[in-house]
Amino acid sequence: MFPIRDHNPSGSMPVITYTLIAMNIGVFFLHWPLITPIDRLEEFYNAWALFPARVSSGNQVYTLVTSMFMHGSLAHIAGNMLFLWIFGDNMEDALGKARFVLFYLACGVLAALAQVITAPFSQIPMVGASGAIAGVLGGYLLLYPKARVDVLFIFVIFFKIFTIPAWLILGLWFAMQVFGGIGSVADMGGVAYWAHAGGFVAGAALAYPLWKRLGGQGFWHRHEGHPPHAAANYRWHATRVPVISRRKRKNPWGN
């Protein structure tokens, strides 16, 4: 089960989102595990991946940032970039391009710190953009809880696409990270569950001032939790969909 798209088009070209995707893909293929000699790959990870024990002792603090542009496999980067492509454009729209850059990096750093706190003596390297992207998901959930998201369910050899509200798929994803973190040994490697959970909470917290500026619960009530433009094209409560011109839809947040 994984999302494949949302019904929440952005009002402008999501340049920052596309740039982040390109940067992550570029770094990955420059050091693709299948073609990079093992000694060079180890050197690369040793210099730029996040080792919680090193950061805990005050060393290689810069890896809180560099590690979020590294990935360990094709499936790893494909999954992360899919989530960023689906949800990143709307957060970029909402925050503005400069603030979105700061938001993304802050979420990634806070997510990494959450993992360091839970496994301060771990010598296992951590890489991936999932902590920063988890922050994007947290902010998205706060702003668009009822946005429609198409989710692909695979049943052995059959598959079907269902459309469900964002609060359900993103809330379920967050719950899986929390329960996964509780049931795992933090310094034994594998999925960095607490980085995901920490990034998600950080994203919601950092998006909270924008949500309040838009009206908080009043903003939810005005749009019933849906994206505040007709192009979201949701089918329920159709009579209450606000009609917004294309010109206004490009800047629905007033920034």
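Let me begin by describing the structure that accompanies this report. (Residues numbered from 1 in each chain as written. Predicted model: local features only at pLDDT ≥ 70, side-chain atom pairs only at ≥ 80, totals over all residues. Heavy atoms only, no water.)

Turning our attention to the overall build of the protein chain. Within the protein chain, the regular secondary structure consists of 11 helices and 3 strands. Ordered by position from N to C terminus, the α and β elements of the protein chain give β-α-α-α-α-α-α-α-β-β-α-α-α-α. Carbon and sulfur atoms make up 68% of the accessible area of the protein chain, which amounts to about 12800 Å² in all. (Helix = DSSP H or I, 4+ residues; strand = E, 2+ residues; numbered from the N terminus. Areas by Shrake-Rupley, 256 points an atom, 1.4 Å probe, with all protein chains shown as cover.)

All right, on to the packing of aromatic side chains then. To describe a pair of aromatic rings, one takes the distance between the centres and the angle between the planes. Summed over all chains, the structure comprises 15 aromatic pairs. Note on phenylalanine 100 and tyrosine 104: the rings are 6.3 Å apart at their centroids and 50° apart in plane angle, and the pair reads as tilted. With a gap of 4 residues between them, phenylalanine 100 and tyrosine 104 both fall in helix 6 (residues 97–118), about one helical turn apart. Cluster of aromatic residues (ring-pair linked, three or more members): Phe83, Phe87, Tyr140 and Tyr144. When the ring centre of phenylalanine 162 is taken as reference, the NZ or CZ atom of lysine 160 above it lies at 5.6 Å. (Phe/Tyr/Trp six-rings, centres within 6.5 Å; stacked < 30°, edge-to-face > 60°. Lys NZ or Arg CZ within 6 Å of the ring centre and 35° of its normal.)

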